[in-house]
Amino acid sequence: MALWQLKTPSARRQATVLLLACSASLFLLLTWDYRAPLQVPALLQQQQHRPDGNQDINIDLSTARAPFTAWPLRRVCAESTYVPGLTFLCDNNSGGPGNIRNYILTCVRYAVDAGATALVLPRIRTRSSADPANLFRDYQPFGYMFDEAHFRQAMGRACPRIAVYASAEEVPGAREKASREGRTVDKIVERVTPKHFGGSRAGCDQRDPNRYTDQFGAAFREWVRSSAVERGWAPPNDVDNPRLIRFSWGVLWDWPVYRDGAEFAATFGGLLKICDDILGIADAIVESMRTLAASTRGTETAGGQSFLGMHLRTEADALSQWPSYENQTKNYLREAASQGYQGRAAYLASGNETETRKFGREAMAALQLDVKSKYDLLEDHEEELEKLKALSWDQQALVDFAVLLDCDYFVGVSPSSFSINVALKRHLKEEGLYTRPWKVGGRGDGRSWLVGRYDRYWEDWLFMFDGMWP
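### Here's the deal with the side chain of S248
Then, number 1: Secondary-structure assignment places S248 in the loop between β7 (243–247) and α8 (262–267).
Then, number 2: Of note is the side chain of S248, whose polar atom sits 2.7 Å from the side chain of T193.
Then, number 3: In this structure, S248 is in contact with N92, Y103, R191, V192 and T193, ignoring residues within four places of it in sequence.

Rendered as structure tokens:
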């Protein structure tokens, strides 16, 4: 019926209002974007109220002194199915700091998934001082490289059900079990390879990351149960019948680090903090380096106290198929020029003193780039210099590691685990907990760049990028 056909003015007014309301409703229905609003602000608010406080997302995780963020590991530990008496020994490590660090972290990650209720504080395998290629010498305590108190506190906060013992002899029931079997405690430790649990990897290179991490925990616990039955053993317990587990040598790059999420990958490496005495030496070097950099002629892109960091990997234990001295140095100088470091200062980490001096002369001639080593920069720091001289080759590498984390731009070489570890740790600076994986083979992330070959996954050791904890 038309409005003008209504009998009274009031009826016509009511009909008009009703028609306008219906029209408005129809307009809103047709034009309203019914998609849910973006949840990023809500997600950030949720992360800000994690148990560790509201500053987690603002922490610079790229520094050697970054505090440990516990909640990502705490969440994983809370999901574990614990086996009383199951104890992991993460000491079958060797090599430089990058290898040793990654072995320990990977072992701990497996231990959590297995349901371990105890860890033995990892020991550090040293190399020969006379022959750096000889990686299997005596053991040193955990404090040889890392902060023991920090590790214990971090594990206690994140995984309170996992005890940390100073030695295998201190594990409850270990001595009693060894005595019953007429063996030493070390002889009751069982050696296993984690890739043997979870699924078949037929046809894959043996260095392939573990494709069955989701199945590892259940498969391993079933092996613990079934192997005890086969041997006529009682189920393990944390009183007098522990099961002590040590991994085979070489379990380095097994766990795909982003499998547990970006926040876990970004924070898990914080379990291992470099010792304060080593960091103190690095601090003195960085101070000297910044003073030197401030005295040089600045450029448009590299001014003030900005300095370049470089890692030259040409020591005696470097593999022959890795990039050569000429390949590394040529690319380093080209990158230094492109980043504006002509006439500036650079820090060089290297265990080869002869080639350190050689490269220094070449850099000065090509770019007027003043290249310094850790020894050069401590000439006016007598106390720190004596401490540095007292350190082993690999402990001095940790000094280099900490300094390179603090430089303004870094160039290194793939497949050196040291260089890759430095680059990945530095990569955490911009995005923190939400850091996305490093772009392998690209132009870096604006803070670091690695020379190397990136064509063949196995031969060029690219699998390390998938299994390296930042």
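### Looking at the nonpolar core
Then, number 1: By size, the foremost hydrophobic cluster in this structure holds 96 residues, and its most contacted members are L73, F88, M155, F220 and L271.
Then, number 2: Once residues lying within four places of it in the same chain are set aside, the contact partners of L73 are F68, V112, M155, A158, C159, F264, F268 and L271.
Then, number 3: The next biggest cluster of nonpolar side chains, apart from the first, holds 20 residues, and it includes A363, L369, V413 and W449.

### Some details on the packing of aromatic side chains
Then, number 1: Summed over all chains, the structure comprises 20 aromatic pairs.
Then, number 2: Residues F197 and F220 carry aromatic rings whose centres are separated by 5.1 Å and whose planes lie at 70 degrees to one another, so their mutual orientation is edge-to-face. Here F197, found in the loop between β6 (190–192) and α7 (213–231), pairs with F220, found in helix α7; they are 23 residues apart in sequence, far enough to count as distant. Both residues of the pair, F197 and F220, count as buried.

### Thoughts on the state of the cysteines
Then, number 1: Within the structure shown, the criterion is met by two disulfides.
Then, number 2: Two residues, C77 and C159, share a disulfide whose sulfurs are 1.8 Å apart. The sign of the S-S torsion, about 60 degrees, decides the handedness of the disulfide formed by C77 and C159: right-handed. Pair noted here: C77 is in helix α3 (residues 71–78) and C159 is in the loop between α5 (148–158) and β5 (163–165), with a separation of 82 residues, a long-range link.
Then, number 3: Among the residues examined, C159 registers a relative accessible area of 0% and is labelled buried.
Then, number 4: Disulfide pairing places C90 opposite C107 at an S-S distance of 2.1 Å. In this structure the cystine formed by C90 and C107 twists about its S-S bond by roughly -75 degrees; its chirality is therefore left-handed. With a gap of 17 residues between them, C90 in the loop between β1 (86–89) and α4 (97–114) and C107 in helix α4 connect regions that are remote in the sequence.
Then, number 5: Of note for the protein: the bonded cysteines, numbered N- to C-terminal, pair according to 1-4, 2-3.

Conventions adopted
- Residues numbered from 1 in each chain as written.
- Predicted model: local features only at pLDDT ≥ 70, side-chain atom pairs only at ≥ 80, totals over all residues.
- Heavy atoms only, no water.
- Helix = DSSP H or I, 4+ residues; strand = E, 2+ residues; numbered from the N terminus.
- Polar contact = N/O pair within 3.5 Å; in protein donor to acceptor, adjacent residues only side chain to side chain.
- Contact = heavy atoms within 4.5 Å.
- Core = buried A, V, L, I, M, F, W, Y, C linked by side-chain atoms within 4.5 Å.
- Buried < 20%, exposed > 50% of the residue type's maximum accessible area, 1.4 Å probe, protein only.
- Phe/Tyr/Trp six-rings, centres within 6.5 Å; stacked < 30°, edge-to-face > 60°.
- Disulfide = S-S within 2.5 Å.

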